[in-house]
Amino acid sequence: MMKFIHAGLHTVAFVLAVISLVAVFDFHNYKSIPNMYSLHSWIGLMGVVFYTLQLVLGLCIFLFPMTPAFIRAAFMPIHVYSGLLIFGTVIATALMGITEKLFFALKNPAYKDSPPEAVFINTLGLLIVVFGGTVLWMVTRPSWKRPGEEASTFKQDGKVSSVTENELNLNSFDKATMESSSEAWKRNLKLEETGLRSTM
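Every value quoted in this text rests on a predicted model; they were computed, and no experiment measured them. (Residues numbered from 1 in each chain as written. Predicted model: local features only at pLDDT ≥ 70, side-chain atom pairs only at ≥ 80, totals over all residues. Heavy atoms only, no water.)

### Section: the overall build of the chain
From N to C terminus, the chain includes 5 helices and 2 strands. In sequence order, the secondary structure elements of the chain are arranged as α-α-α-α-β-β-α. Looking at the chain as a whole, 16% of its 200 residues qualify as buried. About 15100 Å² of surface is accessible on the chain, with carbon and sulfur atoms providing 71% of the total. (Helix = DSSP H or I, 4+ residues; strand = E, 2+ residues; numbered from the N terminus. Buried < 20%, exposed > 50% of the residue type's maximum accessible area, 1.4 Å probe, protein only. Areas by Shrake-Rupley, 256 points an atom, 1.4 Å probe, with all protein chains shown as cover.)

Quick look at the structure:
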């Protein structure tokens, strides 16, 4: 269920990003402002492209039921790293964008004179950095991971292995099932032996 919520929220974010890009290009064209000349626009477009690839690959690999488990396991570290990289890129793009806007919009008084608008935007930039740092801290803490994804480490034959909680539960279930079947087989064998003795 959490996978579908995760995918749904990112799909909505992707749609909003596309709408934003269309609005920006339309505004630039209407005002005869050149497109894609600043570092803000370059990194922003790169972030949207990477986000699109991340979304498509994530949907195909993690939500497509026919994808082999080893492919999902191999892609998971890349998926996590890419997500953090894209998030950091978006934070940087937002900071560059609001700073660039201030340089263009504030003429008298200028940005260097610290008018109220500049102080407000600078404060907003600090809050964006705090927000980004908080999110990065949360996603890198094991305590914030979903219960089904928490990895457990144990030793088996002198080797350290790492499995998920779901795998441990599945292994425990299989072991309990095998033990129950073995006990039932032993009971049936004893009953058959008792029956054979009673008929002799």
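Don't stop here, the text continues.
### Some thoughts on the pattern of salt bridges
Per the counting criterion, the structure on display carries 1 salt bridge. Aspartate 113 is the partner of lysine 112 in a salt bridge, and the nearest nitrogen-oxygen pair spans 3.5 Å. Using a relative accessible area of 45% as the deciding quantity, one classes aspartate 113 as partly exposed. (Salt bridge = Lys/Arg side-chain N within 4 Å of Asp/Glu carboxyl O.)

### A look at the packing of aromatic side chains
Under the criterion given, the structure shown has 3 aromatic pairs. Judged by centre distance (5.8 Å) and plane angle (40°), the ring pair of phenylalanine 62 and phenylalanine 75 falls under tilted. Linking phenylalanine 62 in helix α2 (residues 39–63) with phenylalanine 75 in helix α3 (residues 69–105), this pair joins segments that are 13 residues apart in sequence. Here phenylalanine 62 and phenylalanine 75 have matching classes, each one buried. (Phe/Tyr/Trp six-rings, centres within 6.5 Å; stacked < 30°, edge-to-face > 60°.)

### Some remarks on α3
Relative to the 54 Å expected for 37 residues at 1.5 Å per residue, α3 spans 52 Å between its end C-alpha atoms, a close match to the ideal helical length. At phenylalanine 75, α3 is deflected by roughly 35°, the largest bend along its length, and proline proline 77 occurs up to four residues later in sequence. Against the buried residues of α3 lie α1 (2–30), α2 and α4 (116–139). (Expected span 1.5 Å × (residues − 1). Bend = angle between axes of the 7 residues up to and from the residue. Contact = heavy atoms within 4.5 Å.)

### Some remarks on α4
In this model, α4 (24 residues) spans 35 Å end to end at C-alpha, consistent with the 34 Å of a helix rising 1.5 Å per residue. Regarding α4, the residues found buried are Ala118, Ile121, Gly125, Ile128 and Gly132. Of the surrounding elements, those touching the buried residues of α4 are α3.

### Structural notes on the packing of α1 against α2
Contact geometry for α1 and α2: axes closest at 11 Å, N-to-C directions at 150°. On the basis of the axis angle, α1 is roughly antiparallel to α2. When the axes of α1 and α2 are compared, the crossing they make is left-handed. Contacts between α1 and α2 involve Lys3, Phe4, Ala7, His10, Thr11, Ala13, Phe14 and Leu21 on the former and, on the latter, Leu45, Val48, Tyr51, Thr52, Leu55, Leu59, Phe62 and Leu63. Classifying every residue of the contact of α1 with α2 gives 12 nonpolar, 3 polar and 1 charged. (Axes fitted to C-alpha atoms, helices over the stretch in contact; angles between N-to-C directions. Parallel < 35°, antiparallel > 145°, perpendicular 65-115°, else oblique. Left-handed = near helix turned anticlockwise from the far one by under 90°. Nonpolar A, V, L, I, M, F, W, Y, C, P; charged D, E, K, R; others polar.)

### Let's talk about the packing of α3 against α4
Two elements in contact, α3 and α4, have axes whose closest approach is 10 Å; the angle formed by their N-to-C orientations is 175°. Relative to α4, the element α3 lies roughly antiparallel. Counted together, Leu84, Phe87, Ile91, Ala94, Leu95, Ile98 and Leu102 of α3 and Glu117, Ala118, Ile121, Asn122, Gly125, Ile128, Val129, Phe131, Gly132, Val135, Leu136 and Val139 of α4 form the full contact between these two elements. By residue class, the composition of the contact of α3 with α4 is 15 nonpolar, 3 polar and 1 charged.

### Concerning the confidence of the model for the chain
Chain-level pLDDT for the chain is 81 on average; 72% of the residues reach the 70-or-more range. Looking at the elements of the chain, mean pLDDT is at its lowest for strand β1 (residues 151–156), recorded as 41, and at its highest for α4, recorded as 95. A low-confidence stretch, residues 149–179 (pLDDT under 50), is modelled with 26 contacts involving residues beyond four sequence positions or located in other chains. Contacts of residues 196–200 to residues separated by more than four positions or lying in other chains number 0 contacts, the stretch itself having pLDDT below 50. (pLDDT = per-residue confidence, 0-100.)

### Some thoughts on the nonpolar core
The biggest cluster of nonpolar side chains holds 5 residues, and these are Leu102, Leu106, Tyr111, Ala118 and Ile121. The contact partners of leucine 106, leaving out residues within four places of it in the chain, are Tyr111, Pro115, Glu117 and Ala118. (Core = buried A, V, L, I, M, F, W, Y, C linked by side-chain atoms within 4.5 Å.)

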